[in-house]
Amino acid sequence: MSISNDSEFKSALNRLTPVQQRMVAARFTENVLSLCEDPRVVAAVNAAKRPDISEAELSVVFQAAKTASVETYTQCGKEADWRNQAGHFVAKAALLCVTPPERAGNLAWSAAMNARMARTCETIANDQGTENREAEQQYRVLTELLNQ
Amino acid sequence: MNELQFLTWVRGPGLDIALSIFLLGVLWRLAEIYTLGRKADLAAPRSRPGASGWHTILRRSLPPPGMVKRSPVSYIGGYIFHVGLAIIVFLFVPHIKLIESLTGLAWPGLPSQVIDAVTVVTLAAMVVVLVDRINKPVKRYLSTFEDYFTWTLTFLPVLTGYLAVKHLFLPYTTLLALHILTAELLLIFLPFTKLFHAFTAWGSRWFNGDINAKKGVPV
Amino acid sequence: MTASLEKGINVLKEVIDAPIASFFASCVHCGLCAEACLFYTESGDPKYTPIHKLEPLRRVYEQEYTLLGRIKKRLNLSRPLTDEELGQWRELVYDSCTLCGRCSLVCPVGNDIVYMIRRLREGMAVAGHAPEGVIGATKRTVEIGSPMGVRWPAVAAQIKHIEADTGLEVPVDKEGAEYMILLSSMEIINFPEYLGAIAKIMKQAGKTWTLCSDAFEATNSGIQIGVSDIARVIVSRIVNGAERLKVKTVVSPECGHAYTALRWEGPNLIGRPYTFEVLHILEVLDQFRAQGLLKTEGFEETRLTFHDPCQIVRRGGVIEPQRNLLKMVAKDFVEMSDPGKYNWCCGGGGGVSANEDAEALRLIAFKRKKAQLEETGAKTLVTACANCRIVLEEGLEHYQMDMPVVGLTELIAEHLVKSDTAAKEAAAQGA
């Protein structure tokens, strides 16, 4: 099957099991991981890719990723540093990857959105406008996973 | 000057000077403050029952939630000595007689034993409030010479009045003269110190209430 | 005396009106204002006493507007304000005050202390003593349109994300729409879900709405540092946009001071009343609720509590709507101690959160909010101001408290009865 728009994308993600959602969210986040240098965020993404990870370990990386996410908010009134803000959205996406499913809703979709926003921040920071191909890349990632 | 001449002076010229300065001072200060006016507020107000300048004049006499616990002496000591002063000044028969001689107005007073008791309580409350001012970090930090000076100006008439009524320590004539003198000093300094809050607290409360009432917040 | 110091002092002379003179004349140094101020209560340092923060303004009052003060000045016996003193007061006026206004509610002689701080900031700013961070924000707002440097393309990008997320259109520059929605840069950058929530709610309520591409920013840092000229420029942009698009109501977002700036100070800044209504988003939602236009389903099961943003509640007058709305979607909603207009500040408003020098003090002051939260036993914290959200999250993080912070508008949107399109989608999935 192929995915060519967001409505198909979203419903396909909805049909995944929690473990599958975590894995695909991790892949989405990996795609933008270069926009964030924080080791806690990287650790969260790596942890999410492990299907056998225990709840205790997840909880530890969750806490660390949460701290990273809170630390990278842009303060009200401060000049928007779009590179930092990209990092913030990556942190948020990573956080979703390691959030217990009962707290996260459709976590793969939210992670995808946050990853896209990270990419948009990057292009703004590089003065390349706000268009990017992140969504299409995400469709490809999901399609590959589904066809496995 | 002997004590009788002193007493005659404070009752006569002294009183005239003090009342003149007091009345002129009050009028001047009120004008100095309230003729500054304020800009009209062009924002469309929200109306809410119970929110207005007038409501705040009354309501602000009550402590807000949680505040008495944070500063009990301020509230309890404050209420006691303010109410005490009002009772002593306006419900003690010799004072009422004085007001009658000056204005023609009179009203019944309280028995002198009641006034005695109120005076003792008021004096004690004032001492407690002073000790609190010295002890509590915030009050100590804020306090200037004026705070201690005005405390003294307010305390002395009450103290000397009590001593006079009780004929304690000094001859009655002297005590009475001191009482009247200290009361006159209080009157003279009132318009020019923080004691003027007796006149401006109502305006301040009204402004505060009005400003917030326009947004629909009862304060 | 430098030119800017002189200008600053002149500003202070001009801002003193009858209320301020009355307030200074009434102060009896009781110190109760300190007991209402979280910067004092949590640090124990008496220099944070609110009335003390006003000392420069009080000196001007004394020297210019009291008999004895004027006499002393004539006799060269008074001390004029110095640059050094104003420099010393910067911390008190900008780091340890969020314009929360709690002090004004407790002063027994009725002093409206926050009213005075707001005006002292005008003089401080002209004299060159406002903090760097906020000066920058103000400049950016005037030059770029947003204090955080967010230009329309960034907003447009967020709009695309939201349209993808919700499947709904975000109207832009639609003339004759009933509601013109403003955003805060904070929401555009940090909480884009807010716009999605608006789209869903407006769809369900069947109301027309629009963004305005040259007046999308609600925040007004001119108000925060006290530069009325700049505040006026920012408000005028919105007024022009609203009048150009002929909207009935301009809606202030979940941002604290934006509401105060637009609703209460705006008309005075531009010198005339508005030709449109200004409402906070919570007021709009509450109106929809009262009209039966807001249909929700499901309840939050965990215990929730609500943080009242100072500028919206105590200073803005929006007190009941949030409670009505929460009761629609929460089974276990508990109030904090000191709820509503008496609630305690998050510690980051009034420009404090953008002020790096103030961070350490802000985290100490957060202990007040922490204590309130612990008393409620709540598992989730709901609020309605993007800045409060971040400040609260940072505070919770600092004190290792695990408690999600949610925006009320988003919470309501999550509980909206699913629309037809979503129902069809759900049906298609099940097939």
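Note that the structure is predicted; figures quoted are calculated from it, not measured. Numbers given to residues run from 1 along each chain, matching the order in which its sequence is written. As a convention, the first chain written is A and the first ligand written is 1, with the rest following in written order. Side-chain atom pairs in this predicted model are given and counted only at pLDDT of 80 or more, local residue features only at pLDDT of at least 70, and totals for whole chains, interfaces and linings cover all residues.

Caption draft 1: Representation of the overall build of chain C within the structure. Each helix corresponds to a stretch of at least 4 residues labelled H or I by DSSP, and each strand to a stretch of at least 2 residues labelled E; elements are numbered beginning at the N terminus. Helices and strands together make up the secondary structure of chain C, namely 24 helices and 8 strands. Its C-alpha atoms give chain C a radius of gyration of 23 Å, within 12% of the compact-globule value 22 Å for 431 residues. Principal-axis analysis of the C-alpha atoms gives chain C an extent of 90 × 50 × 35 Å. Each residue is represented by a C-beta atom placed from its backbone, and any two residues with such atoms within 7 Å are regarded as in contact. A fraction of 82% describes how many contacts in chain C between residues 6 or more apart in sequence connect residues 24 or more apart. Only C-alpha atoms enter the radius of gyration; for comparison, a globular chain is expected to reach 2.2 Å times N to the power 0.38, where N is the number of residues.

Caption draft 2: Highlighting the overall build of chain B. Scanning chain B from N- to C-terminus turns up 10 helices and 0 strands. When its helices and strands are written in sequence order, chain B yields α-α-α-α-α-α-α-α-α-α. Expressed as lengths along the three principal axes of its C-alpha atoms, the size of chain B is roughly 65 × 40 × 35 Å. Buried residues in chain B amount to 32% of all 219 residues. Restricting the contact set of chain B to residue pairs at least 6 apart, pairs at least 24 apart contribute 75%. Once C-beta atoms are placed from the backbone, each residue is buried if 20 or more other C-beta atoms lie within 10 Å of its own, exposed if 12 or fewer, and partly exposed for counts between those two.

Caption draft 3: Quick look at the pairing of strand β3 (residues 249–252) of chain C. Residue and element names in this part refer to chain C. Direction of pairing for strand β1 (residues 179–181) relative to β3: parallel, over a ladder of 3 bridges. Along β3, the bridge assignment pairs M180 with V250. Should DSSP find at least two bridges between two strands, the strands are regarded as paired. With 4 bridges joining them, β3 and strand β4 (residues 277–280) adopt parallel strand pairing. Bridging across to β4, T249 finds its partner in E277. Of the crossover connections in this fold, the one passing from β3 over helix α17 (residues 256–270) to the parallel β4 is right-handed. Convention used here: a crossover is right-handed provided that the path from the first strand, over the helix, to the second strand proceeds clockwise when the strands point away from the viewer.

Caption draft 4: Examining the sheet that holds strand β6 (residues 333–334) of chain C more closely. Residue and element names in this part refer to chain C. The strand order across the open sheet built from 4 strands is β6-β5-β7-β8, with neighbouring strands paired in parallel fashion. Here the strands that pair on one side only, and so sit at the sheet edges, are β6 and β8 (405–407). Two elements, strand β7 (residues 380–383) and β8, share 3 bridges in a ladder whose sense is parallel. Bridge pairing in β8 links L381 to V405. Here an angle of 0 to 180 degrees is reported between the N-to-C directions of two axes, which are lines fitted to C-alpha atoms, with helices fitted over the stretch in contact. Here helix α19 (residues 321–329) sits on the sheet in contact with β5 (304–306), β6 and β7, set at roughly 170° to β5.

Caption draft 5: Representation of the packing of helix α8 (residues 145–166) of chain B against helix α9 (residues 172–189) of chain B. Residue and element names in this part refer to chain B. The N-to-C vectors of α8 and α9 enclose an angle of 160°; their axes lie 8 Å apart at closest approach. Comparing their axes, α9 and α8 come out roughly antiparallel. Crossing hand, α8 versus α9: left-handed. Listed contacts from α9 to L153, T154, L156, P157, T160, G161, L163 and A164 of α8 are Y172, L175, L176, L178, H179, T182, A183, L185, L186 and F189. Of the residues that constitute the contact of α8 with α9, the class distribution is 13 nonpolar, 5 polar and no charged. When describing relative orientation, an angle under 35 degrees is termed roughly parallel and one over 145 degrees roughly antiparallel, while 65 to 115 degrees is termed roughly perpendicular and anything else oblique. Throughout, a crossing is termed right-handed when the near helix is turned clockwise from the far one, and left-handed when it is turned anticlockwise from it by less than a right angle. Here the nonpolar group is Ala, Val, Leu, Ile, Met, Phe, Trp, Tyr, Cys and Pro; Asp, Glu, Lys and Arg are the charged ones; every other residue, Gly included, is treated as polar.

Caption draft 6: Representation of the environment of H167 of chain B. All names here are of chain B. Note that H167 resides in the loop between α8 and α9. Note on H167: 10 C-beta atoms within 10 Å, which makes it exposed. Counting along the chain gives 152 residues from H167 to L15, while the straight-line C-alpha distance between them is 23 Å.

Caption draft 7: Highlighting helix α16 (residues 228–245) of chain C. Residue and element names in this part refer to chain C. Take the residue count of a helix, subtract one, and multiply by 1.5 Å to get its expected span. For α16, with 18 residues, the first-to-last C-alpha span of 26 Å sits near the 26 Å given by 1.5 Å per residue. Among the residues of α16, those classed as buried are I230, A231, I234, V235, I238, V239, G241 and A242. After α16 finishes, the residue K246 shows a positive phi value of roughly 55°.

Caption draft 8: Representation of the packing of helix α5 (residues 82–97) of chain A against helix α7 (residues 107–125) of chain A in the model. Residues and elements named next belong to chain A. Contact geometry for α5 and α7: axes closest at 8 Å, N-to-C directions at 170°. Overall, the two elements α5 and α7 adopt an arrangement that is roughly antiparallel. α5 and α7 meet at a crossing whose hand is left-handed. Residues W82, R83, Q85, A86, F89, V90, K92, A93, L96 and C97 of α5 pack against L107, S110, A111, N114, A115, M117, A118, C121, E122, I124 and A125 of α7.

Caption draft 9: Just the interface of chain C and chain B, in detail. Facing the 46 residues of chain C at the interface are 47 residues of chain B. For the side of chain C that touches chain B, the secondary-structure elements that each account for two or more residues are α2 (18–26), α3 (32–36), α7 (67–74), α9 (102–106) and α17 of chain C. Per-element accounting of the side of chain C that touches chain B gives the leading share, 7 residues, to α2 of chain C. For the side of chain C that touches chain B, the residue count by class is 24 nonpolar, 14 polar and 8 charged.

Caption draft 10: Summary view of the nonpolar core. Residues A44, A65, V90 and C97 of chain A are the most contacted members of the largest nonpolar core, which totals 218 residues. Here this core takes 11 residues from α7 of chain A, the largest share from any one element. Among all residues touching V90 of chain A, those that are not within four sequence positions of it are T29, V32, L33, L35, C36, V41 and A118 of chain A. By convention the nonpolar core is taken to be a set of buried residues drawn from Ala, Val, Leu, Ile, Met, Phe, Trp, Tyr and Cys and joined through C-beta atoms within 7 Å. Listed in part, the 5 residues of the second largest apolar core include I88, F92, I115 and V158 of chain B.

Caption draft 11: Summary view of the confidence of the model for chain C. pLDDT gives the predictor's per-residue confidence on a scale running from 0 to 100. Summarising the model, chain C shows a mean pLDDT of 90, and 95% of its residues fall at 70 or more. For this predicted complex, the interface confidence score (ipTM) comes to 0.96, while the overall pTM stands at 0.91.

Caption draft 12: How the structure looks around helix α4 (residues 55–71) of chain A. Residue and element names in this part refer to chain A. The terminal C-alpha atoms of α4, which comprises 17 residues, lie 24 Å apart, in line with the 24 Å expected from a rise of 1.5 Å per residue. Among the residues making up α4, those that are buried are V61, F62, A64, A65, K66, A68 and S69. Buried residues belonging to α4 abut α3 (39–48) and α5.

Caption draft 13: Highlighting unusual backbone geometry. Residue and element names in this part refer to chain C. One non-glycine residue, H29, lies in the positive phi region at around 60°. You can call H29 buried: it has 20 C-beta atoms within 10 Å. Its identity is not glycine, yet N76 carries a phi of approximately 60°, on the positive side. By secondary structure assignment, the location of N76 is in the loop between α7 and α8 (83–95). Judged by local crowding, N76 falls into the exposed class, with 6 C-beta atoms found within 10 Å.

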